[in-house]
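# Examination of the molecular architecture
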Amino acid sequence: MNFTSQLLDAFTAHRPGRVKWWQSALFLAGVTVLERLSTGKRASQNAKQMYESENQPVWAPPAGVFGPAWGANSLAVTWAGQRLLNAPKNLPNRKALLGLQAAHWLIYTTFGNVNFRQKSKLLAAAWTVADAAVAGTSYALARKADPKLANAYLPLLAWTGFASTLAVYEALYNRDELLDTPQPLPLEGVGEALRKEG
């Protein structure tokens, strides 16, 4: 029995195969606390100012959009996790989907640290694109076996797909403080044409 199986068994020990809504709520609260701790108090407080001071593309939304978007995404992915844990063990791709859930939550809880605390635009772009790949793969694996489960990944897929365009632009046209590298591309030309006026 591997570590993931032991963890899942412990989580559902009171009634094997049945995860209650309140357990999912506790899980979501726990990963939210982990994300806040990973980001750090000062970095969290300065996140909006940092975001608005960076070179952004014209399609970048206001900083206030990110909180509600991630709230909706987290609820949908948490519901998907509960549905997966309560699904029959012979559900096609169940183990792979649970592994992808773990990958998503690892990315989620460490993104603030990478982006706002360590100020690495290149790693933030890699994290965002990886999360989009996780969402897309999860949707593809769940689509035939459980369409409702697959649909729960659509908000995350849509958001991380969009956010990937922002993150890649930021990585190309902003300095990476963690890796101590200048912006890879000059703003002149395409970068300037797509730049959001501050």
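Attention now moves to the packing of aromatic side chains. For the structure on display, the rule yields 9 aromatic pairs. Considering the side-chain rings of W59 and Y169, the 6.3 Å spacing of their centres and the 75° angle between planes classify their relative orientation as edge-to-face. Here W59, found in the loop between α3 (41-53) and α4 (66-86), pairs with Y169, found in helix α8 (residues 154-173); they are 110 residues apart in sequence, far enough to count as distant. Measuring from ring centre to ring centre gives 4.6 Å for Y169 and Y173, while their planes differ by 40°; the resulting arrangement is tilted.

A80, L84, L91, L97, A142, L149 and Y153 are the most contacted members of the largest nonpolar core, which totals 16 residues. When residues of this core are traced back to their parent elements, those giving at least two are α4, α5 (94-117), α6 (121-142) and α7 (147-151). With 4 residues, α5 is the single largest residue contributor to this core. With sequence-adjacent residues up to four places away left out, L84 is seen in contact with L91, R94, L97, L98, Q101, L149 and Y153. L28, V77, W105 and A135 belong to the second largest nonpolar core, which has 7 residues in total.

This part is about the packing of α5 against α6. In the contact formed by α5 and α6, the axes pass within 9 Å of each other and the chain directions differ by 160°. Taken together, the axes of α5 and α6 are roughly antiparallel relative to one another. Note on packing geometry: the crossing formed by α5 with α6 is left-handed. Where α5 abuts α6, its residues A96, L97, L100, A103, H104, I107, T110, F111, V114 and N115 lie against K121, L123, A124, W127, T128, A130, D131, V134, T137, S138, L141 and A142.

In the predicted model, the protein carries a mean pLDDT of 91, and 91% of its residues have values of at least 70. Segment residues 10-16: pLDDT under 50, and 8 contacts once partners within four positions in sequence are set aside and those in other chains are kept.

Scoring rules and cut-offs
Residues numbered from 1 in each chain as written. Predicted model: local features only at pLDDT ≥ 70, side-chain atom pairs only at ≥ 80, totals over all residues. Heavy atoms only, no water. Phe/Tyr/Trp six-rings, centres within 6.5 Å; stacked < 30°, edge-to-face > 60°. Helix = DSSP H or I, 4+ residues; strand = E, 2+ residues; numbered from the N terminus. Core = buried A, V, L, I, M, F, W, Y, C linked by side-chain atoms within 4.5 Å. Buried < 20%, exposed > 50% of the residue type's maximum accessible area, 1.4 Å probe, protein only. Contact = heavy atoms within 4.5 Å. Axes fitted to C-alpha atoms, helices over the stretch in contact; angles between N-to-C directions. Parallel < 35°, antiparallel > 145°, perpendicular 65-115°, else oblique. Left-handed = near helix turned anticlockwise from the far one by under 90°. pLDDT = per-residue confidence, 0-100.

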